[in-house]
Every structure is written in C-alpha cells, then in structure tokens.
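# Examining the three-dimensional arrangement
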Amino acid sequence: MQKIKTSLLLLILTCSGVASSLPPHSVTKFQVEISASEIVASTLIMEAGGEGRVGMEAVREVIANRAKNKTEIAVCLAPKQFSCWNGIPISRGIEIAKKHPSWTAALAIAKGKPTNHTKGATHYHTTKVSPYWAKKLQKITTIKNHIFYK
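To start, this report covers the structure provided alongside it. Numbers given to residues run from 1 along each chain, matching the order in which its sequence is written. Restriction of local features to residues with pLDDT of at least 70 applies here, the model being predicted, together with a cutoff of 80 or more for giving and counting side-chain atom pairs; totals for whole chains, interfaces and linings are based on all residues. Heavy atoms throughout the structure, all of them, feed into the side-chain values; hydrogens and water do not.

### Description of unusual backbone geometry
In the Ramachandran plot, K80 falls in the positive-phi region, its phi being about 60° despite a non-glycine side chain. By the criteria applied, helices consist of DSSP H or I runs no shorter than four residues and strands consist of E runs no shorter than two, each listed in order from the N terminus. For K80, the position within the fold is in the loop between α4 (72-77) and α5 (90-98). For K119, which is not a glycine, the phi torsion comes out positive at approximately 50°. Checked against the element boundaries, K119 lands in the loop between α6 (103-111) and β3 (123-126).

### Some thoughts on the sheet that holds strand β5 (residues 146-149)
Within the open sheet, the three strands sit side by side as β3-β5-β4. Their pairing is antiparallel. Among the strands making up the open sheet, the edge pair consists of β3 and β4 (139-143). The mean inter-strand angle of the sheet, taken between neighbouring strand axes irrespective of direction, is 20°. With four bridges joining them, β4 and β5 adopt antiparallel strand pairing. Of the residues in β5, the one forming a bridge with K139 is Y149. Any two residues whose heavy atoms approach within 4.5 Å at even a single point are treated as in contact. For every element, the axis is a line fit to its C-alpha atoms; helices are fit only across the contacting stretch, and the angle between N-to-C directions ranges from 0 to 180 degrees. Across the sheet, helix α3 (residues 52-66) touches β3, β4 and β5, and the angle it forms with β3 is around 145°. A pair of strands is considered paired only if DSSP assigns at least 2 bridges between the two.

Limitation: the analysis is restricted to geometry and does not speak to function.
Structure representation (structure tokens):
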C-alpha cells in the first residue's frame, strides 16, 4: 500500500499545563501516514459522494485511467484537476470525507479494482457546466450528474 507522510504541528492545549512541562523539541512535530486509498476515497466522496456507488466507481475509473504513468495520489492532488482539492489541505479533505455516510463504500471502491462504466474515460464534469475542453474530447456516457469523456 502506497503511503505519504504529512508533517503536522502537534496541538497541545496550553491550559492543560502539559506543553510548558515538556522540552520544546519533544512536542514540535509528528508524522501522520495517509494511504493512497484514503486520498482516492476522499476524492470520490468530495467529487461524487451524492452520485451513489456507480457514480463514485465512475470517478474512480477516471483516476485509474489518468494514473497510467503516475501514482493515483499524484492524479488526485494535481492542481486544478479535481476541484475538491483546490485550496484545501489534505488532512482537512480526508476529515470531511470520513464524516460522509458513504465513506466505507468509497474506501472499498478505492481499494478495489476499477470498474468500466465509462469505457476508458479520462475526464468528466457536472451537467451544470460546459468546460472549454469538453469540445475537444469524445463524450462516452452520462452517469447521474456527471458527463464522462476520453
């Protein structure tokens, strides 16, 4: 399982008195490991959590199809690729996603093999928008509120 490490500041309530009693170097940072599955599952929730299992599976396919020469983490977190990650820290996105009622399903989808509802799609958008790039790609299918292309 691929993992990334994110350094976070350890937050200690100063009113507890613990912070002042410890040497400064012992409480500055700690490591949190975040799995690729958690990042993919969080992307599924934040992009298609309201679209049901098939909708999340379809977004999972796009991630897998884009990851031919990169990691799924790189695909999910690439700037301006999945709007859910624009301007949000990874830890916050995962925190939000874990509270969603479909978190367990999204995590299972992220850990499993991709389905093929979209026949190789590499792009999608909601039915509410019409991005400039859509005209350059072949429309494959519409699943709930997303249109998929390759």
